[in-house]
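Next come the chains, spelled out residue by residue.
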Amino acid sequence: MIDAIGHFLFYSMPWWLQLVLLAIPVLAAFYLAVKVFGWDRVKGWIAPVVAILAAFGMISRARQQGYADRRTEQINAQDKATDDFWKEKQKVDEKPISQVDKENEKWLKP
């Protein structure tokens, strides 16, 4: 269950939506910090926090792109393996059964 939620959050949810969902509590924390400490003490933290959010967004986007690329490679490899199987099956089906038996005889004897 937790694995499915993690998969959804990290791979299925768009990276920009992840960034928005992370930015909401960060903005709430900044609002609270401005109310408690004042604008002059908080404004120095804006650039580092924006940089951290940007880094998180880039990492999330790269992770999702890598996942998508890997899935594409797996699907292409699976399609190639299926095509190879059907080509070999067709070759075997085209041969007379006696020739197939003769070729496979060495594998059938103990």
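The preceding data block contains the structure.
Values in this document were obtained by computation on a predicted structure and should not be read as measured data. (Residues numbered from 1 in each chain as written. Predicted model: local features only at pLDDT ≥ 70, side-chain atom pairs only at ≥ 80, totals over all residues. Heavy atoms only, no water.)

1. Some details on the overall build of the protein chain
- Per the secondary structure count, the protein chain includes 5 helices and 0 strands.
- Its C-alpha atoms give the protein chain principal-axis dimensions of roughly 90 × 25 × 20 Å.
- Looking at the protein chain as a whole, 12% of its 110 residues are labelled buried.
- Taking the intrachain contacts of the protein chain between residues at least 6 apart in sequence as the baseline, contacts between residues at least 24 apart amount to 62%.
- Within the structure as shown, the protein chain displays about 9400 Å² of accessible surface, and the carbon and sulfur contribution to it stands at 67%.
- Averaging the locations of the 15 positively and 13 negatively charged side chains of the protein chain gives two centres separated by 10 Å. (Helix = DSSP H or I, 4+ residues; strand = E, 2+ residues; numbered from the N terminus. Buried < 20%, exposed > 50% of the residue type's maximum accessible area, 1.4 Å probe, protein only. Contact = heavy atoms within 4.5 Å. Areas by Shrake-Rupley, 256 points an atom, 1.4 Å probe, with all protein chains shown as cover. Lys, Arg positive; Asp, Glu negative; His and termini not counted. Charge placed at Lys NZ, Arg CZ, Asp CG, Glu CD.)

2. A word on the packing of helix α2 (residues 15-37) against helix α4 (residues 46-94)
- Relative to each other, α2 and α4 sit at 160°, their axes nearing to 9 Å. Comparing the axis directions of α2 and α4 gives the class roughly antiparallel. Of the two possible hands of crossing, α2 and α4 adopt the one that is right-handed. Along the contact surface, α2 presents W15, Q18, L19, L22, A23, V26 and F30, while α4 presents I46, V49, L53, F56, G57, S60, R61, R63 and Q64. (Axes fitted to C-alpha atoms, helices over the stretch in contact; angles between N-to-C directions. Parallel < 35°, antiparallel > 145°, perpendicular 65-115°, else oblique. Left-handed = near helix turned anticlockwise from the far one by under 90°.)

3. Describing a nonpolar patch on the surface
- Residues M1, I2, I5, F8, L9, F10 and Y11 make up a contiguous nonpolar surface patch of roughly 760 Å² in combined accessible area.
- Relative to the helices and strands, F8 is located in helix α1 (residues 2-12).
- Exposure remark for F8: the relative accessible area of 45% places this residue in the partly exposed category. (Patch = residues over 30% accessible without salt bridge, like charges linked within 9 Å, V, L, I, M, F, W, Y side chains within 5 Å. Salt bridge = Lys/Arg side-chain N within 4 Å of Asp/Glu carboxyl O.)

4. What to know about the packing of α1 against α4
- Look at α1 against α4: their axes get within 9 Å of each other, and the N-to-C directions meet at 100°. The angle between α1 and α4 falls in the class roughly perpendicular. Residue-level contacts link H7, F10 and Y11 of α1 to R63, Q64 and Y67 of α4.
- Residue classes in the contact of α1 with α4 are distributed as 3 nonpolar, 2 polar and 1 charged. (Nonpolar A, V, L, I, M, F, W, Y, C, P; charged D, E, K, R; others polar.)

5. As for the packing of aromatic side chains
- Following the criterion strictly, the structure yields 1 aromatic pair and no others.
- When the ring of F85 is compared with that of W86, the centres are 5.1 Å apart and the planes differ by 75°; the resulting orientation is edge-to-face. (Phe/Tyr/Trp six-rings, centres within 6.5 Å; stacked < 30°, edge-to-face > 60°.)

6. Topic: α2
- For α2, which comprises 23 residues, the first-to-last C-alpha distance of 32 Å matches the rise-based estimate of 33 Å (1.5 Å per residue) to within 8%.
- Within the sequence span of α2, burial applies to Q18, A23, F30 and A33.
- At its buried positions, α2 is contacted by α1, α3 (39-42) and α4.
- Residue G38 follows α2 closely and has a positive phi angle near 95°. (Expected span 1.5 Å × (residues − 1).)

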